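Take a look at the letters that make up each chain.
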2 protein chains.
Amino acid sequence: MADHLIHEMSASVAAAQIRSGSLSCEALMQACLARVVEREPQVGAWQFIDPKRALALAREADLRQPVGPLHGVPIGVKDIIDTADMPTSLGSLIYAKRQPDWDAACVAALRAAGAIVVGKTVSTEFAYFQPGKTRNPHQLLHTPGGSSSGSAAAVADCMVPVALGTQTAASVTRPAAFCGIYGYKASHGEFSLSGIRPFAESLDSLGLLARSVDDISLFRSVLLGRQHPDRQPASGPPRLALCRTSQWALVSPSMQQAVEALVQRCRQAGAVVSELVLPVQFDGLIESQKIIMAYEAARNYVFETTCHPGQLSEAFTVLTDIGRNLGQQDYRQAKDALRLAKRLLYSLVSEVDAWIAPAAIGEAPLATAGTGDPLMSRMWTALKGPSLCMPVSTGEQGLPLGAQLLALPGDDDRLLQVGQWIERMLETP
Amino acid sequence: MADHLIHEMSASVAAAQIRSGSLSCEALMQACLARVVEREPQVGAWQFIDPKRALALAREADLRQPVGPLHGVPIGVKDIIDTADMPTSLGSLIYAKRQPDWDAACVAALRAAGAIVVGKTVSTEFAYFQPGKTRNPHQLLHTPGGSSSGSAAAVADCMVPVALGTQTAASVTRPAAFCGIYGYKASHGEFSLSGIRPFAESLDSLGLLARSVDDISLFRSVLLGRQHPDRQPASGPPRLALCRTSQWALVSPSMQQAVEALVQRCRQAGAVVSELVLPVQFDGLIESQKIIMAYEAARNYVFETTCHPGQLSEAFTVLTDIGRNLGQQDYRQAKDALRLAKRLLYSLVSEVDAWIAPAAIGEAPLATAGTGDPLMSRMWTALKGPSLCMPVSTGEQGLPLGAQLLALPGDDDRLLQVGQWIERMLETP
């Protein structure tokens, strides 16, 4: 493989080559850092980056036996996730120089498996709406999406093969869709969030941005402390469903076509695809997600809203004001509605392995318009199941379109298995 | 009221006197600090204390209109809860000098309501078993219980009227019982835990240590951001149940008597008290709690176990080793068992307002034997409902005995209402 393609390698392939001795950690890191040097001035994916240190760590890694399945793999870490050796600003002016005393548990687990943190990727303010400097690598006038903006852009632009993200509404799925990569949001509670400032704890989940489903499975197995990377058993065509959701009319024509074309291809490849129509009990769930998010954010950010109100964005201030004015009754009703719908969902999808929905309402809007609408993920995130955003097409403006694959809470392994089946199908001409 | 009794005042009474002008914030703080000076060398409740600063803040408060319902009230904060102006060691050697960049949300909320943080109270290592220096103020050779050791001792010894604690197994209930005070563990998810390092997020809850139920209700209303402190409506005798649990045979004779005597008094005061017998589905729940605690602790403390193993206690290392060796299947089964039992519990207690159980297996053991057994709270904590430990008697060694009042998740208001009814009944000769 020519030198100029090393930075495009997946983590799984690179790690295997490092293990076999056909690739050095240094060469891999050099290639990624060269890409950063070339592209960062335009893309702005990094809040903090220490190329010298990353290179030194890669060289050290070459002198050692592999410590784990990610030996020498460069990664990006969203800047709301604590790192003991790099500042963690949470995308906030208040914490511009904050240096945590520990690695978040997810970072520690990846490092223990040999991964090398290249730097911290740009997050919107506290992983909410106020955007950072990052641009969509496909078209620099457009947003990469948010809040895991830098993680999605860095992975899409081949600066690192994998980056960590988090999602409370659509913060992994939307940037993955806008940047044309895979984005896995884990089931709620699937991984440790220790060392990640909570935004809304009933909704927050860890996520992975990557360019292949294999990489996501590899990182997932490390985060779960599994002794061996999951071997996806060869599986036949999955049982799928298409869920247009009641927001279908708000979805762009090209996104509608992309999702329906994906369904067609799945059918042609042998999958049975039924239709998932959500009953009326699901109608208010987007509102429920908004209520829970505002209520919990308001109570989680009392220090900032009380002691540093002048350093908060208007969007964040508005959200916490709304949350503070909600009563505990509103909050409980929202949680009850979700609990009820979740129970219903189990019976609705008992005959399918996963279901498909649009990952966003359309292509990435202009960066001047913010980070895009989280509409298509709010309900799914609140229902606590895993999701996998998959790049499936491009839209009218030539920007990526993503579909999301969804499953019941805890069905993450099956979701990724189905995701891999679809990935291979899409790669087949 | 004579000067030497000011430090014995409840927060509610002191706050009311401050509002009416009959007590100054300075006099209240002086009295509490004098008590600290007198007793701290023996009791060892504080990990960090800054009397000068506390006094300066009290004097400032006297120059201002009351900012909220806790204006001028001194509080203690468990040392696993972040404070922007005081170190937060988490009871760990690794973090002996750690200075957080923020106040935990609960601290920020109490400060915004006027409370003055006197200092940080001793916690066991990461709120697990390795004890700190604190002794039981009733008998100094005995443990105050853990992990909220310093919070319980400081409140029991009248150094502060109220202190914050947390509970994952029995860390509020047990020290409250051993120290003879009220200890309220909130329903899981009731309050923000932002700024508190998670131990096991499916179990962790915030708690309050106090000398009266009124104080607990007052602090609860502030933490919930309620505009007005809850006025407990005058309520008639509650419908109660006695739950001996399948651990009854392990409970000391004096504790058995204390709990049954409480039930008798409730009956005499007009309460209907039935018996709550837990069906066989509850038998393994203590084991389930242990599995969840170990599994989540292991994944939450990867940084410490990987990078600082030499600075961890043996107890903590053993727990995280156990947790690392558990599979995701064990963890899910434990969660499923709890979910099933919780559903069952709703039907079992549909006719009662709250139920009564022992708060610990007996009196506080000698400090040389550790912080005591969390046995009597593990299951209830895992079932996610609130609990209120109430001092009801003393045992063979003259140390306090506590009963706990329990309710369904979310029934915190009703629990405290019943607790207040029992408190008043016990105060009636």
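Residues numbered from 1 in each chain as written. Chains lettered and ligands numbered in written order. Predicted model: local features only at pLDDT ≥ 70, side-chain atom pairs only at ≥ 80, totals over all residues.

A few points about the overall build of chain A
For chain A, the helix and strand inventory stands at 14 helices and 11 strands. The C-alpha atoms of chain A give a radius of gyration of 20 Å, which matches the 22 Å a tight globule of 429 residues would have. Principal-axis analysis of the C-alpha atoms places the extent of chain A at approximately 60 × 60 × 40 Å. Classification of the 429 residues of chain A by burial places 60% in the buried group. (Helix = DSSP H or I, 4+ residues; strand = E, 2+ residues; numbered from the N terminus. Rg over C-alpha atoms; globule rule 2.2 N^0.38 Å. Buried ≥ 20, exposed ≤ 12 C-beta atoms within 10 Å, placed from the backbone.)

Examining the confidence of the model for chain A
Across chain A, the average pLDDT comes to 96, with 97% of residues at or above 70. This complex was scored by the predictor with a pTM of 0.97 and an ipTM of 0.97. (pLDDT = per-residue confidence, 0-100.)

Observations concerning the relation of the copies chain A and chain B
Its rotation angle being 180°, the transformation that places chain A on chain B also includes 0.0 Å of axial translation and leaves an RMSD of 0.0 Å. Taken together, the rotation and translation relating the two chain copies correspond to the operation of a two-fold axis. Residues of chain A ranked by C-alpha distance from the rotation axis are headed by Pro100 of chain A, positioned 4.0 Å from it. The residues that chain A uses at the interface reappear at the interface of chain B in 100% of cases, marking a shared surface. (Least-squares fit on C-alpha atoms with pLDDT ≥ 70 in both. Contact = placed C-beta atoms within 7 Å.)

Remarks on unusual backbone geometry
At the junction of Gly146 of chain A and Ser147 of chain A, the peptide bond is cis and its omega measures out at 5° in the coordinates. The residue Cys158 of chain B is not glycine, and still its phi comes out positive at about 60°. By the C-beta count within 10 Å, which is 19 here, Cys158 of chain B ends up partly exposed. One non-glycine residue, Thr245 of chain B, lies in the positive phi region at around 65°.

Considering the domain arrangement of chain A
All names here are of chain A. If you check the domain split of chain A, you get domain 1 (3–223), domain 2 (241–282 + 340–427) and domain 3 (285–333). Each of domain 1 and domain 2 has a C-alpha centre, and these two points are 24 Å apart. Tallying the contact residues gives 39 residues for domain 1 and 35 residues for domain 2. Element by element, the count of residues in the side of domain 1 that touches domain 2 is highest for helix α6 (residues 173–179), at 6 residues. (Domains from an automatic or database assignment.)

Thoughts on helix α4 (residues 105–112) of chain A
Residue and element names in this part refer to chain A. Most of α4 is tucked away: 7 of the 8 residues are buried. Listed as buried for α4 are Ala105, Cys106, Val107, Ala108, Ala109, Leu110 and Arg111. Just beyond α4, the residue with positive phi is Gly114, at close to 105°.

Thoughts on the packing of helix α9 (residues 285–300) of chain B against helix α11 (residues 314–325) of chain B
All names here are of chain B. Two numbers describe how α9 lies on α11: the axes approach to 7 Å, and their chain directions differ by 95°. With respect to α11, the axis of α9 lies roughly perpendicular. Across the interface between the two elements, Ala294, Tyr295, Ala297 and Ala298 of α9 pack against Leu319, Thr320, Ile322, Gly323 and Arg324 of α11. Across the contact of α9 with α11, the residue classes tally to 6 nonpolar, 2 polar and 1 charged. (Axes fitted to C-alpha atoms, helices over the stretch in contact; angles between N-to-C directions. Parallel < 35°, antiparallel > 145°, perpendicular 65-115°, else oblique. Nonpolar A, V, L, I, M, F, W, Y, C, P; charged D, E, K, R; others polar.)

Remarks on the sheet that holds strand β5 (residues 182–185) of chain A
Residue and element names in this part refer to chain A. In space, the 11 strands of this open sheet follow the order β1-β3-β2-β4-β6-β5-β10-β11-β9-β7-β8, with mixed pairing throughout. Strands at the two margins of the open sheet, each flanked by one partner only, are β1 (46–49) and β8 (272–275). Strand-to-strand twist of the sheet, defined as the mean angle between neighbouring strand axes without regard to direction, takes the value 30°. Strand direction decides the pairing type here: strand β2 (residues 74–78) and strand β4 (residues 162–167), joined by 3 bridges, are parallel. Considered in β4, the bridge of Val77 is made with Leu164. Packing against the sheet, helix α7 (residues 213–223) makes contact with β4, β5 and β6 (205–210), and its axis sits at approximately 140° to β6. (Pairing = 2+ DSSP bridges.)

Some points on the environment of Pro144 of chain A
All names here are of chain A. Counting through the fold element by element, Pro144 comes out in the loop between β3 (116–121) and α5 (149–156). For Pro144, a count of 34 C-beta atoms within 10 Å puts it in the buried group. Residues Pro144 and Ala154 lie 10 residues apart in sequence; the distance between their C-alpha atoms is 10.0 Å. Not counting the four nearest positions on each side in its chain, Pro144 is found in contact with Thr134, Arg135, Asn136, Ser149, Ala152, Ala153, Pro175, Phe178, Cys179 and Ala364.

Description of the interface of chain A and chain B
Bring the parts together and some accessible area is lost; that lost area is often taken as the interface size. Listed as interface residues are 24 residues of chain A and, on the opposing side, 24 residues of chain B. Put simply, the parts of the chain that give the side of chain A that touches chain B at least two residues each are α4, α9 (285–300), α10 (302–307) and α12 (328–348) of chain A. At 4 residues, α4 of chain A tops the list of elements feeding residues into the side of chain A that touches chain B. Partitioned by chemical class, the residues of the side of chain A that touches chain B number 10 nonpolar, 7 polar and 7 charged.

Topic: helix α2 (residues 25–43) of chain B
Residues and elements named next belong to chain B. Along its length, α2 reaches its greatest deviation from straightness, about 40°, at Val37, and the proline Pro41 lies no more than four positions downstream. Among all positions in α2, only Cys25, Leu28, Met29, Ala31, Cys32, Leu33, Arg35, Val36 and Val43 are buried. The inward-facing, buried residues of α2 abut α1 (11–20), β1 (46–49), α3 (51–62), β2 (74–78), β3 (116–121) and α5 (149–156). (Bend = angle between axes of the 7 residues up to and from the residue.)

Some details on the pairing of β4 of chain A
Residues and elements named next belong to chain A. Of all 6 residues in β4, 6 are buried, a share of seventy percent or more. With burial as the criterion, each face of β4 is covered, one bearing Val162, Leu164 and Thr166 and the other bearing Ala163, Gly165 and Gln167. The pairing of β4 with β6 spans 6 bridges and is classified as antiparallel. Across the sheet, the residue bridging to Gly165 is Gly207, located in β6.

Some words on the environment of Ile216 of chain B
Residue and element names in this part refer to chain B. Its place among the elements puts Ile216 in helix α7 (residues 213–223). Considering only alpha carbons, one finds Ile216 and Ile356, 140 residues apart in sequence, at a separation of 19 Å. Excluding residues that lie within four positions of it along the chain, Ile216 makes contacts with Tyr182, Tyr184, Leu208, Ala210 and Leu416.

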